[in-house]
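Structural overview
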Amino acid sequence: MKSLARSQAVRRRAAVAVASVAALLIASSWLEGVATGETITYITPTNAGNSNANWPAVNGTYTQNYGIAFTTGNSGPFDIDWIRLGLNTSSVTADSATLTIALRNTTNTTAYSAVAGTTAYATDTVTFSKPTATSTAFSLDLTSVQLANISAYSLQANTAYALILYAPTVNIGMTRTTGFASGTTNDEYTVTNGFTMLTTFRNNSNYFNNSNSFPSLDISFGATVTAPVPEIDPSGLASAMSLVIGSVAMLEQRRRKRATAATVAVMA
C-alpha cells in the first residue's frame, strides 16, 4: 500500500511539473509580439485652466484660430499620436460638433511673434461628442484614428511649427489660464524632448484678453512609443520540458525496480 501511495504521489508531482512547463510554452507564444506603450507629452500647459474664451461657430479660414507656435528639439523626427484639448460647452446644448486641426509653418521663429503661416503640412477635421449641459468643461482626447493626416506627418528636428484649431461648427469655449504678464506665457507650458514654446495666439495674433493678462491655452500633444515585450525562447522551455519528462521517467523506472526487488524478497 505504501509503495502504491508513493507511486501516485510521484505521478501527481510529475503531472504538475509538466503542466507548469506547458503553460509557460503557451504563454510564450501569446506574449510574442505584444507591445507596451509609453505616453510622451511634448507640450502641455503647466497650470489648470481658470476660464474659457468664447469661440463662435464660423466656417472661416485658418487665420480665425486658436493655436500655439513652437520649435522641435534636435532629436527628431517626431510623431504626433495624440492631442488633448480643454473645451467648454458654453451656451450650446448640441451633443456633437466638428473642428478642424492643422499643422502649419510659422511666419517666423521669434518668441511672442510667430503665428501660423501659409503652408499647411497636415490637416484633419474631427467630429466629436460633447456634453449637452451648458457651461460644462470637458476634455477632447484625439488619437491617430481621428488624426490620420497629422499622425502620418513627421515633425523635423529644430523646426518651427504652428498647431492650430479653427472652424468649429457650434459655439464652444476654449479653456485657458489667464493672468500672466506679457512676455511670460511661454514659461507656463511644460515641454520635453527639446521642444520650446514660441507663441500662444488667437486669430493669428499674440493672444491677450486684456492689457495685463496673456493666457495660455489648454492644448497638449505628444506621442505613444511602443516597445516589444522581451520574448521567451520557446526552445529553452522545450528543453526544460524534456528534462522534466526525463526526470519523471527515471523516477518511474526506479520505482519499478524497487517494486520488483520487494516482490523477489517476499517470494524468497
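Structure: see above.
A few points on the structure. (Residues numbered from 1 in each chain as written. Predicted model: local features only at pLDDT ≥ 70, side-chain atom pairs only at ≥ 80, totals over all residues. Heavy atoms only, no water.)

1. Considerations on the overall build of the protein chain
When helices and strands are counted, the protein chain shows three helices and 16 strands. Looking at the protein chain residue by residue over its 268 residues, the buried ones come to 38%. Counting only contacts in the protein chain whose residues sit at least 6 apart along the sequence, the fraction spanning at least 24 positions is 86%. Here the protein chain has roughly 13,800 Å² of accessible surface; of this, 55% comes from carbon and sulfur atoms. (Helix = DSSP H or I, 4+ residues; strand = E, 2+ residues; numbered from the N terminus. Buried < 20%, exposed > 50% of the residue type's maximum accessible area, 1.4 Å probe, protein only. Contact = heavy atoms within 4.5 Å. Areas by Shrake-Rupley, 256 points an atom, 1.4 Å probe, with all protein chains shown as cover.)

2. Details of the sheet that holds strand S14 (residues 205-206)
In spatial order, the strands read S7-S6-S10-S3-S13-S14; together these six strands make up an open sheet with antiparallel pairing. Taken across any chain shown, the strands that pair with only one partner, and hence form the sheet edges, are strand S7 (116-129) and S14. Pairing between strand S3 (residues 65-71) and strand S13 (residues 196-202): six bridges, direction antiparallel. Looking across to S13, one finds that Ala 69 is bridged to Thr 199. (Pairing = 2+ DSSP bridges.)

3. Focus: the side chain of Arg 176
Along the chain, Arg 176 falls in strand S11 (residues 172-177). Buried within the structure, Arg 176 lacks any salt-bridge partner; Asp 218 is the closest side chain of opposite charge, at an N-O distance of 11 Å. Those residues within four positions of Arg 176 in sequence are excluded, and the remaining contacts are Gly 49, Asn 50, Ser 51, Asn 52, Ala 53, Tyr 207, Asn 209, Pro 215, Ser 216 and Leu 217. (Lys, Arg positive; Asp, Glu negative; His and termini not counted. Salt bridge = Lys/Arg side-chain N within 4 Å of Asp/Glu carboxyl O.)

4. Remarks on unusual backbone geometry
The omega torsion of the bond from Gly 76 to Pro 77 falls at 10 degrees, within 30 degrees of zero and hence cis. You can see Pro 77 is positioned in the loop between S3 and strand S4 (78-79). Despite not being glycine, Ser 90 has its phi angle at roughly 55 degrees, a positive value. Examined against the element boundaries, Ser 90 turns out to sit in the loop between strand S5 (82-88) and strand S6 (96-106). The backbone of Ser 135 sits at a positive phi, close to 50 degrees, despite the residue not being glycine. On the secondary structure map, Ser 135 appears in the loop between S7 and strand S8 (137-143).

5. What about the packing of aromatic side chains?
Enumeration over the complete set of coordinates arrives at 15 aromatic pairs. Each ring, one from Phe 128 and one from Phe 138, has its centre 6.3 Å from the other, and the planes form 35 degrees; the classification is tilted. With Phe 128 in strand S7 and Phe 138 in strand S8, this pair connects stretches of sequence that are 10 residues apart. Of the two residues, Phe 128 and Phe 138, neither departs from the other in class, the shared state being buried. Lying across the ring of Tyr 62, Arg 104 places its NZ or CZ 3.5 Å from the centre. (Phe/Tyr/Trp six-rings, centres within 6.5 Å; stacked < 30°, edge-to-face > 60°. Lys NZ or Arg CZ within 6 Å of the ring centre and 35° of its normal.)

6. Description of the nonpolar core
Core analysis: the biggest nonpolar cluster contains 41 residues, and Phe 70, Ile 101 and Phe 221 have the highest contact counts within it. For this core, the element with the highest residue contribution is S6, accounting for four residues. Membership of the second largest hydrophobic core comes to 13 residues, among which are Ala 102, Ala 160, Ile 164 and Ala 167. (Core = buried A, V, L, I, M, F, W, Y, C linked by side-chain atoms within 4.5 Å.)

7. Topic: the environment of Ile 68
Counting through the fold element by element, Ile 68 comes out in strand S3. Relative accessible area serves as the criterion here: at 0%, Ile 68 is assigned to the buried category. Between the alpha carbons of Ile 68 and Ile 219 there is a distance of 8.0 Å; along the sequence they are 151 residues apart. Leaving out residues up to four positions away in the same chain, Ile 68 has contacts with Ile 43, Tyr 161, Ala 162, Leu 163, Tyr 189, Met 197, Thr 199, Thr 200, Phe 201, Ile 219 and Phe 221.

8. Observations concerning the pairing of strand S10 (residues 160-166)
Burial runs high along S10: seven of the seven residues are buried. Every second residue of S10 is oriented toward a common face, with Ala 160, Ala 162, Ile 164 and Tyr 166 on one face and Tyr 161, Leu 163 and Leu 165 on the other, all of them buried. Pairing of S3 with S10, which is carried by seven bridges, proceeds in the antiparallel orientation. Paired with Tyr 66 across the bridge in S10 is Leu 165. Pairing geometry for S6 and S10, over five bridges, is antiparallel. Among the inter-strand pairings, Ile 101 is bridged to a residue of S10, identified as Leu 165.

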